[in-house]
Amino acid sequence: MQDQQSFTNDEKRITLIALMIVFSLSALDQTIVSTAMPRIVAELKGLNLYAWVTTGYLLTSTVMVPIWGKLSDSHGRKLILLAGIAIFLLGSWLSGLSTSMVQLIVFRAIQGIGGGALFTTAFAIIADLFEPKERARFGGLFGSVFGLASLIGPVVGGFFTEHGTVHLWGQTIAGWRWVFYLNLPLSGLALFMIVVKMPKLSHSEGAPIDYLGAALIVATFVPLLLALSWAGQTYPWGSPIIVGLLTFSAVGLAAFLYIETKVREPIMPLELFANRTFATCNSAAFIVSMAFMGVVTFLPLFLQVGLGTAATASGLAMVPMMVGMIGSSTVSGLLVSRTGAYKPYMLGGSLILALAVFLMTFIGPDTSLIGVGWRMFIIGLGLGPSQSLFSLAVQNAVPPHRMGVATSSGMFFRQIGQTMGVALFGALLTHNLNAELIKRAPVDPFGVHQTINVNQLQSMALSRAAAGAHASADARSPAMIKATSDSFAAAMRNLFFVALAGLAVAIVIILLIPVVPMRARMAPPVAAAAEG
């Protein structure tokens, strides 16, 4: 059992550095690729498949998170992390070699399979190596790494896309391909450090694998994620395809819950939900992730289409949020490490986040980029503590042999929450925007009101970016431009109020999280015994 192991300072230090490289790889991938996508689409000729490059990665990485977590409990963290890095490396290399959008989508899906192991296994390894108080400090550090990677990702992606094209031995390597090739040396370095210095960290060697449960996770959540990604954009919410996907997902979920009560080693042990800390932390994290992503995803779109801000400048509006997140994540980690109390910082962060979202309700068509920026900074301050403290509380409340699956479950619920937030808030944005346009937009000669959906908004943003954001490139009439701007601001304001209501529910749930003293790494799981 892992809780009888001891580790040298050298093992801890080298492993921690390797984990930071792994963590930065996963974080960078979420921002660096998006910057290169316009150039990729132009070269590979697949605008209609644009969204699938992200969706393919999201699907595989999300459904694999709980599977990797369970496998790391039963077969050891080191083996699973090495497998995840190797698959991620393979997917990155193949993505860089892509000659069509279909190939890129398939290879990004392979990359996502490995990517699902990176975050969850890294946090589980930290839980194995360090006591909870020390773990809080490193959790804050990893939150800062995520924020920093999110900041430099667009810069690095833009640099390689614009200036990275090279000619070697008569062959031309397009700059955007280095966005994927950049993962190769970093992954290789991490693999070497982990192989050489990381201890095995095995828990219950040889436990049977719940293959049926793993298959049912895929059968449940792939249709769900597809339905949420397509609904309201590619297909109407009530279309047979969306209803069919949701029905299939519901049947898969029922079968999954039944199977998990019958197998000896379930892929996601249902008894964890009887643990009050596990249930409340994951519920709160799910709602916070849904509210946060539902708002932030559409803010750059509002800045570009609603306020007429250039694409580059709209991206800079996210920088204050990342700066605030880096600062609060680091500080909260240090304070929890010093005091041993995590609940006050969870609650404080959520209250600050709610305050920031409330302040966002005051933005309008005349709001400056600076006005948006300082509000985003406060959002980052509130978001920082949640990057690691929910996981820390869960890890402190479960037995060591459940550490991997408990950690991965939390990340799984967050990713599902993010996906649901983008889908539901996108549908709400479309509904509210069109309702406002009916009041404000001029009626065409045939007496038909013009309507806009999220896909059309994204097309407008891409057109502005391609034209350098010149007003003359906008084919809409001045009256329609003003109507769209005013309507978009009103629709965004409604989104903020909905997000605020969600955060209020999350705050109530956080108040219900038990106050459990942080245990030593070698001690028995007090919280699990008390709450089970």
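Preceding this section is the structure that the text describes.
Residues numbered from 1 in each chain as written. Predicted model: local features only at pLDDT ≥ 70, side-chain atom pairs only at ≥ 80, totals over all residues. Heavy atoms only, no water.

Asker: Teacher, can you tell me more about the pattern of salt bridges here?
Answerer: Between side chains of opposite charge, a pair can form when the charged atoms approach closely. Under the definition given, this model contains 6 salt bridges. Notably, a salt bridge pairs E265 with R402, separated by 3.8 Å at the nearest N-O pair. Here the residue E265 occupies a position in the loop between α9 (240–260) and α10 (276–296), and R402 occupies one in the loop between α16 (389–397) and α17 (403–440), the gap between them amounting to 137 residues. Ionic pairing is found between R402 and E271, a salt bridge with its closest N-O pair at 2.8 Å. With R402 in the loop between α16 and α17 and E271 in the loop between α9 and α10, the pair connects residues that are 131 residues apart, well separated along the chain. One network of salt bridges, in which partners are shared, links K70, E265, E271 and R402. (Salt bridge = Lys/Arg side-chain N within 4 Å of Asp/Glu carboxyl O. Helix = DSSP H or I, 4+ residues; strand = E, 2+ residues; numbered from the N terminus.)

Asker: Honestly, the packing of helix α8 (residues 211–230) against α17 in this entry has me stumped. Any pointers?
Answerer: In helix packing, the relevant descriptors are the interaxial angle and the interaxial distance, both defined with respect to the helix axes. Relative orientation of the contacting elements α8 and α17 amounts to 30 degrees, with a least axis distance of 9 Å. The angle between α8 and α17 falls in the class roughly parallel. Where α8 approaches α17, its residues F221, L225 and L228 are matched on the opposing element by F412, I416, T419, M420 and A423. For the contact of α8 with α17, a count of residues per class yields 7 nonpolar, 1 polar and no charged. (Axes fitted to C-alpha atoms, helices over the stretch in contact; angles between N-to-C directions. Parallel < 35°, antiparallel > 145°, perpendicular 65-115°, else oblique. Contact = heavy atoms within 4.5 Å. Nonpolar A, V, L, I, M, F, W, Y, C, P; charged D, E, K, R; others polar.)

Asker: Would you take a moment to explain a nonpolar patch on the surface for this structure?
Answerer: A surface patch of nonpolar side chains, amounting to about 310 Å² of accessible area, comprises L316, V319, V323 and F377. Counting through the fold element by element, V323 comes out in helix α13 (residues 319–339). (Patch = residues over 30% accessible without salt bridge, like charges linked within 9 Å, V, L, I, M, F, W, Y side chains within 5 Å. Areas by Shrake-Rupley, 256 points an atom, 1.4 Å probe, with all protein chains shown as cover.)

Asker: Can you help me understand helix α15 (residues 369–383) in this one?
Answerer: An α-helical turn contains 3.6 residues, so a residue and the one three or four places further along point in the same direction. The end-to-end C-alpha distance of α15 is 21 Å, a good match for the 21 Å that 15 residues give at a rise of 1.5 Å each. For α15, the set of buried residues is G371, V372, G373, R375, M376, I378, I379, G380, G382 and L383. The inward-facing, buried residues of α15 abut α10, α11 (299–306), α13 and α14 (343–360). (Expected span 1.5 Å × (residues − 1). Buried < 20%, exposed > 50% of the residue type's maximum accessible area, 1.4 Å probe, protein only.)

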